[in-house]
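Examining the three-dimensional arrangement
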Amino acid sequence: MKFHAKAQRRKENRKPFSLRLPLRLCAFARNYFSTIWAFIIFLCACIPTAQANTPTRVTISIPTPNEIRVEAELSSPTRSWSFRNAYAGVLGIAERVEDFHAISAAGQDAQAKKSAAGEFRSELDAIKITYTVKLSEPRATDVPYVSWLADDRGLLMFADLIPQDIETLSVEFKLPTGWTLESSLIADATGRYAVSEPQKSVFLAGRSLRKTSNTLDGVVLDVVLSGAWPFKEAEALKVVSTVLQKYLELTGFKLTDKTAIMIAPSPTPIGDGNLGWKAETRGSTVVLLANPKKFDFWRNRLTIVFSHEMLHLWVPNSLKLEGDYDWFFEGFTMYTAIRTAQELGVIDFKEMLNTLGRVYDVYMSHPDEQSLIAASEARWTNPHSQVFIKGMLVAFLYDLKIRKESGVKLTLADRYRELFSRRVAANANGNEAIIAVLDSAPAMSGFAKSYVENSTKLELEQVLPAYGLTLDSSGKKSQLRVSRDLTAEQQQLLRSLGYRN
Ligand SMILES: [Zn+2]
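Calculation rules
- Residues numbered from 1 in each chain as written.
- Predicted model: local features only at pLDDT ≥ 70, side-chain atom pairs only at ≥ 80, totals over all residues.
- Helix = DSSP H or I, 4+ residues; strand = E, 2+ residues; numbered from the N terminus.
- Buried ≥ 20, exposed ≤ 12 C-beta atoms within 10 Å, placed from the backbone.
- Contact = placed C-beta atoms within 7 Å.
- Pairing = 2+ DSSP bridges.
- Axes fitted to C-alpha atoms, helices over the stretch in contact; angles between N-to-C directions.

So, the overall build of the protein chain
Along its length, the protein chain carries twelve helices and 24 strands. The proportion of buried residues among the 501 residues of the protein chain is 48%. Relative to all contacts within the protein chain whose residues are 6 or more apart in sequence, the contacts with residues 24 or more apart total 68%.

So, in structure tokens, the structure goes:
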């Protein structure tokens, strides 16, 4: 497993009343082709929510297979525009913006000039801007986090296509003949989309898109396929619906917006032998990119990818919490996702222990000198950030302890429901709110404070025997196993986690 070493966060222009949600690094993807649970890496990201105002009228067209053209009629006269130039670990995105022009109310050229990457200024007030964005040949490191066009399809992410100054917009698309468009948003009768959060908007455009839909507990779910996959859209919908149902039960919270799951061929190879995949959850959209010709064991793979990604629709995307709490929304998501994959029968108890053993080896191979909160804040500057790995192991320990202390009447899963049922104030501090929920369970007081707020190191060899597990670190790889002589309580605890001996 490796981590992005040079990821940086772009300094955002903070606007009054805007919510700032952190960019998220998602370090949990799996290759399922030969060895189960081999790690590769992928990235998900979550970005700011903008304040509503008069919408800008935008037209997006695709004049050539390489670029999109954008025309925006601005809601008020403007002299400067700023495009996102960095997104999570991806830098220089705004360099793709070209041929930028600004036009005044009198129809004059407002003499816009580029002052830096993605930064444009004009001499006169402008009421209209036009520009192109070169979207062909996306870099392997950039997908699925930026817009691209390739092979009769394109992923259009407004976070990098629309100036960040534009907070709400009404958009129409002029697509090549035979292309259609899918999104978590719904077009009006004239075909325009009202976009209230451009930074979270994702559109998949292309030829021969196939869509199928389902409604679960009032939550509308679309699955959109582009390209020739070894499964039909109805089969993908079945997998995705099962995962969605799991997380509706886990959180007790109904997603308010339509969820769109988009599955498309990656425009660039991913992983060794092009056998990997990458996924991104943004707003209400989950995008999965992979090579359809090498997507074997598709049911298992889809379950594994979506067990992780779809939890992000809730955590953090449905939590209006402030601050960097990556240890929870990635680390705890990693643990909850493998528990979900196990409950859905994709992996068994032994494979779960093997995975956790490997994760512990990664943890032990780097120094652990920061609290999880400090590590969450500093993950972009620390190439050996332990935040996800340690977060995942802390979630495992939490689950073991709460099950033991409650005689398996309570689990970590119950804390998710508690988190979503509490009336946590919008913009509350994420770390404080989540630590309060975790530590509020009987006999769990001080646990999150110790492992999250303080920099308590993990020593699984010492801690696990109390739960009927042993960690053998004598070999090249740590082996996490069930102890030989289990007490009745330990047996009950491990059986509640899927142990079947
Ligand atoms: Zn993630």
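Section: the sheet that holds strand β16 (residues 210-216)
Here five strands make up an open sheet; going across it, the order is β16-β17-β18-β20-β19 and the pairing mixed. Looking at which strands have only one partner, the edges of the open sheet turn out to be β16 and β19 (277-282). Within this sheet the neighbouring strands show an average axis-to-axis angle of 15°, counted without direction. Inspection of the sheet shows β19 paired to strand β20 (residues 285-290) by six bridges, in the antiparallel sense. What sits directly across from Glu280, in β20, is Val287.

What to know about the environment of Ala112
Of note, Ala112 is situated in the loop between β7 (97-103) and β8 (113-116). Judged by C-beta crowding, with 22 C-beta atoms within 10 Å, Ala112 ranks as buried. Taking the C-alpha atoms as reference, Ala112 lies 8.4 Å from Ser80; in sequence the two are 32 residues apart.

A look at the environment of Ile162
You can see Ile162 is positioned in the loop between α1 (158-161) and β12 (169-174). For the pair Ile162 and Ser82, spaced 80 residues apart in the sequence, the C-alpha separation amounts to 8.8 Å.

What to know about the pairing of β8
Across three bridges, the pairing between β8 and strand β9 (residues 119-134) is antiparallel. Bridge pairing in β9 places Lys113 opposite Arg121. The hairpin turn running from β8 into β9, its antiparallel successor, is two residues long, and Gly118 in that turn takes a positive phi close to 80°.

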